[in-house]
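Listed below are the residues making up each chain.
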Amino acid sequence: MALGGFVLTGLCILVIASQSWAALEVNTEDRMEISLGKRAEITCIYKTDMPPSSIIIQWFAKALRSNSYMQRIYYLDNSTTVLDQESPLAGRVSVDNSNPGSVVLIVDPVELQDELLFVCQVNAMSDGTKDDSTLLKVFQSPEVPRIEAVHAGIHIHDEGTSKIATCEVRNGYPMPNITWYRGLTPLHISEGEVGVQNLVTRETNDLFTVTSELHLKVRKEDKDAEFYCESTYFVPEATKMTESPRVRITVHYPPTFVEMSQVYPEGLVKEGDTVEMRCHADGYPAPLLAFKHNGEDIEEDAHTDDQQGVRLSNARRSDGGTYSCTALDLETLLELEKSMQLKVHFLDEAVVVPEGPQVLSAGDNLMATCNALSSLDTNTVWFKNGQYFTEGHMLKLLNVSLASAGEYTCAVSTPALDGLHTEAVLPVIVRGVPQIKLVTWEHMEDVKNSVNLTCVALGYPIPSITWDSPDQQDLGGQSSNTQLPSGVISTLTMKATSVLSVACKAENTFGEVRRVVQIEPIMPETTSAATTTPAGSGTVKPPKSRPQKEGSGVIIAVLIICVLLLAILGSVLYFLYKKGKIPCGRSGKQDLTKEKSNKDAIIMEMKTDKSDEAVLLQGINGDKKAP
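Please read these numbers as outputs of a predicted model, since none were measured by experiment. (Residues numbered from 1 in each chain as written. Predicted model: local features only at pLDDT ≥ 70, side-chain atom pairs only at ≥ 80, totals over all residues. Heavy atoms only, no water.)

## Description of the overall build of the chain
Item 1. Assigned secondary structure in the chain consists of 3 helices and 46 strands.
Item 2. Of the contacts made within the chain by residues no fewer than 6 positions apart, 60% connect residues no fewer than 24 positions apart.
Item 3. Element-wise, carbon and sulfur atoms account for 53% of the exposed surface of the chain, whose accessible area totals about 36,600 Å². (Helix = DSSP H or I, 4+ residues; strand = E, 2+ residues; numbered from the N terminus. Contact = heavy atoms within 4.5 Å. Areas by Shrake-Rupley, 256 points an atom, 1.4 Å probe, with all protein chains shown as cover.)

Structure (structure tokens):
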């Protein structure tokens, strides 16, 4: 009995196990995501030991609402295939059952209303009936966000928050989300600071449009801020975001700082400069600027063209002082003021004490000072007749002579500021016997046998100049005098056909002085006959010459005598050689050759000597030119 019980129990277990191995299995995806308008393929896989002829397959669609019912959309058995035409998917649904053990429901194209729960049900007769479902999610990416900022200005003193901008995201599914940003910082709702109002609209095509308004408590810093909105939305198996363009808002705020500064010229200002001072103030709209000088309103004709500064033409020292700029906000009537100091530097005319001209006697002393009133440190330099003389505001002349006479100029400048410069002149005259500083003469190239003489004499009283000849010759000619501050220049034009001595005489009440010069006329050019050298080596034509001084003639005579002596010496040597008194070589051929060579050497040497003489003569005559 016990054994029979164990056998019966084992058979029961085998029957139960065989039934579980032969059970029906149905599987589908839990969720499928698809974009609107695309093709959706929902696969149902089943497993059973029953033959295909015993299997019934049906597809149902069910809305996600809890009280909705399942609506059949497809039926398949061994002999019948039915696509229900009353279903919302009619005309867009098909089934592929070509592969055993699976059936594919195809929806093409997918519409928003297709976001349903699709149920695959399989009936395998004795294996029973089983089903599984797939949730189909449909997505549509929205358009790029559109943003529009408020065009009117927003004052920072407005109470509460103010509307800043509107962002619109159209035609998305599911409903997109909008986030606001200031710069790179997201804005979150905060009482009294940040507010967001969203409006969701379901379009006729069942897509969503979201409109969002940003409200903000505006600060001054927002004038430079950029605002934008970001749209976040779902796509199949992902999340995406799209940003709108950046926008700015117009912020009205009163001035918070004012700055008054000199923009031209850079650095120190001197009298005569054109000065421009500008006022810079923040605030929007731009505040009204008012300018004052030492507390007095500045006339508008002194304002710059843009009314943002003050321009002074030909500035004077009286233009220095305090300049102020006041910025007025026309909305709040708030005022802000800033001031600056302007210094206009000056240098008055130089004054020399004692005033000139100063007339001194030889041996006297002179002390003079030069001063000029200035707003800056000055530097004084004295010049005599345009040449540097000394430095410092005091001029000291001790034990003066005629050489001390001249025009003394004191130049005063300001090292710290270029352009400030003044001068004063002190003529100094020294009384005494005249001095002749220069007597020159030169031939006149355009007038034959004419010379120009010039005589410069210094002294005070101004001397008079006369011309005469120590040889009591009549000079004739024409003279003219030009008076200088401390002397006179006299010129004489006359004929000179022979050597002539001419004297320049300068005299005043203290005495007279004279200087003599010798004038040599230009002689006509002559040509000398050719001269033959004693050795017969050639002739040298003397160069054209002019009358030479006595020293030059002696030198030439000595040179000619030397050349003649060399020629005689050469002749004697040649005669001794012919007589055999001088041994030269070992063969006749060599003697002949040597003889010929010596002859050539003598001839060449004499030619060279004569050429040197010609060159020397030419050099001496060439150096003697008309003065």
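There's plenty left to go through after this.
## Things to note about the packing of aromatic side chains
Item 1. Under the criterion given, the structure shown has 4 aromatic pairs.
Item 2. With a centroid separation of 5.7 Å and 15° between ring planes, the pair formed by Y173 and F208 is classed as stacked. Pair noted here: Y173 is in the loop between strand 13 (162-172) and strand 14 (177-182) and F208 is in strand 17 (residues 208-216), with a separation of 35 residues, a long-range link.
Item 3. Exposure remark for Y173: the relative accessible area of 11% places this residue in the buried category. (Phe/Tyr/Trp six-rings, centres within 6.5 Å; stacked < 30°, edge-to-face > 60°. Buried < 20%, exposed > 50% of the residue type's maximum accessible area, 1.4 Å probe, protein only.)

## Here's the deal with the pattern of salt bridges
Item 1. Enumeration over the complete set of coordinates arrives at 23 salt bridges.
Item 2. K137 is the salt-bridge partner of E115, the closest N and O atoms lying 3.4 Å from each other. On the criterion of sequence distance, the pair formed by E115 in the loop between strand 8 (102-107) and strand 9 (117-123) and K137 in strand 10 (residues 129-139) is long-range, its members being 22 residues apart. One exposure class covers both E115 and K137, and it is buried. (Salt bridge = Lys/Arg side-chain N within 4 Å of Asp/Glu carboxyl O.)

## A word on the state of the cysteines
Item 1. Within the structure shown, the criterion is met by 5 disulfides.
Item 2. Here C455 connects covalently by a disulfide to C504, the sulfurs 2.0 Å from one another. Note on the C455 and C504 pair: the S-S dihedral is about -80°, so by sign convention the disulfide is left-handed. A residue pair is termed long-range when its members are at least 10 positions apart, and C455 in strand 39 (residues 450-458) and C504 in strand 43 (residues 500-508) qualify at 49 residues. Grouping residues by exposure puts C455 and C504 together as buried. (Disulfide = S-S within 2.5 Å.)

## A short note on the sheet that holds strand 37 (residues 421-431)
Item 1. Pairing is mixed across the open sheet formed by 5 strands, whose spatial order is 31-37-36-33-34. The open sheet is flanked by strand 31 (358-361) and strand 34 (387-391), the only strands paired with a single partner. Across the sheet, the mean angle from the axis of one strand to that of its neighbour is 30°, orientation sign disregarded.
Item 2. With 4 bridges joining them, strand 31 and strand 37 adopt parallel strand pairing. Residue pairing across strands places S361 opposite R431, the latter belonging to strand 37. (Pairing = 2+ DSSP bridges. Axes fitted to C-alpha atoms, helices over the stretch in contact; angles between N-to-C directions.)

## As for the pairing of strand 34
Item 1. Across 4 bridges, the pairing between strand 33 (residues 379-384) and strand 34 is antiparallel. Counted as the bridge partner of K384 is Q387 from strand 34.

## Structural notes on the side chain of S501
Item 1. Mapped onto the elements, S501 comes out in strand 43.
Item 2. When neighbours within four sequence positions are excluded, S501 is seen to be in contact with D468, S469, P470, D471, V516, V517 and Q518.

## Examining unusual backbone geometry
Item 1. Looking along the chain, the bond that leaves Y173 and enters P174 is cis, with omega of -5°.
Item 2. Within the fold, P174 resides in the loop between strand 13 and strand 14.
Item 3. Following V353, the chain continues to P354 via a peptide bond in cis, the omega torsion being 0°.
Item 4. In this structure, P354 sits in the loop between strand 30 (351-353) and strand 31.
Item 5. Positive phi values are uncommon outside glycine, yet Q307 reaches one of about 60°.
Item 6. Tracing the chain through its elements places Q307 in the loop between strand 25 (296-297) and strand 26 (309-312).

## Focus: the environment of G153
Item 1. Assignment of secondary structure puts G153 in the loop between strand 11 (146-149) and strand 12 (154-155).
Item 2. Of the residues examined, G153 reaches a relative accessible area of 34% and is grouped as partly exposed.
Item 3. Taking C-alpha positions, G153 is 5.6 Å from V251, a pair spaced 98 residues apart along the chain.
Item 4. Excluding residues that lie within four positions of it along the chain, G153 makes contacts with T250 and H252.

## Description of the confidence of the model for the chain
Item 1. Summarising the model, the chain shows a mean pLDDT of 82, and 81% of its residues fall at 70 or more.
Item 2. Here residues 526-552 is modelled with pLDDT under 50, and outside its nearest four sequence neighbours on either side it reaches 39 contacts, counting other chains as well. (pLDDT = per-residue confidence, 0-100.)

## Examining the nonpolar core
Item 1. Core analysis: the biggest nonpolar cluster contains 33 residues, and W59, F118 and V122 have the highest contact counts within it.
Item 2. Where this core is concerned, the elements lending two or more residues are strand 2 (31-35), strand 3 (40-47), strand 4 (56-62), strand 5 (70-76), strand 8, strand 9 and strand 10.
Item 3. Tallying contributions element by element places strand 3 first for this core, with 4 residues.
Item 4. Residue contacts for W59: discarding those within four places in its chain leaves I42, C44, Q71, R72, I73, Y74, V103, L105, F118, V119 and C120.
Item 5. Counting 24 residues, the second-largest nonpolar core is a separate cluster that includes L347, W382, A405 and V428. (Core = buried A, V, L, I, M, F, W, Y, C linked by side-chain atoms within 4.5 Å.)

## Digging into the sheet that holds strand 38 (residues 435-443)
Item 1. Read from one edge of the open sheet, 4 strands run 38-39-42-41, paired in antiparallel fashion. The open sheet has two edge strands with one neighbour each: strand 38 and strand 41 (478-484). For this sheet the average axis-to-axis angle between neighbouring strands, irrespective of direction, equals 15°.

## Some words on the pairing of strand 14
Item 1. Both strand 14 and strand 18 (residues 227-235) contribute to a ladder of 6 bridges, which runs antiparallel. Note that in strand 18 the partner of N177 across the bridge is T232.
Item 2. For strand 14 and strand 15 (residues 185-186), the ladder comprises 2 bridges, and the chain directions are antiparallel. In the sheet register, R182 faces strand 15, and the bridge partner there is T185.
Item 3. Remark: 2 residues form the turn of the hairpin made by strand 14 and strand 15, two consecutive strands paired antiparallel; G183 in that turn has positive phi of roughly 65°.

## Description of the side chain of E271
Item 1. By secondary structure assignment, the location of E271 is in the loop between strand 22 (269-270) and strand 23 (275-281).
Item 2. Assessed through its relative accessible area of 17%, E271 is described here as buried.
Item 3. Only 3.5 Å separates the side chain of E271 from the side chain of R316, close enough to count as a polar contact.
Item 4. Within the structure, E271 has its side chain in polar contact with the side chain of R317 (distance 2.9 Å).
Item 5. Dropping the residues within four chain positions of it, E271 is found in contact with A315, R316, R317, V344, H345 and F346. (Polar contact = N/O pair within 3.5 Å; in protein donor to acceptor, adjacent residues only side chain to side chain.)

## A closer look at the environment of T378
Item 1. Summarising the element assignment, T378 is placed in the loop between strand 32 (366-371) and strand 33.
Item 2. In this structure, the C-alpha to C-alpha distance between T378 and V412, residues 34 residues apart in sequence, is 6.5 Å.
Item 3. When sequence neighbours within four positions are dropped, the list of residues in contact with T378 reads L347, A372, V412, S413, T414 and P415.

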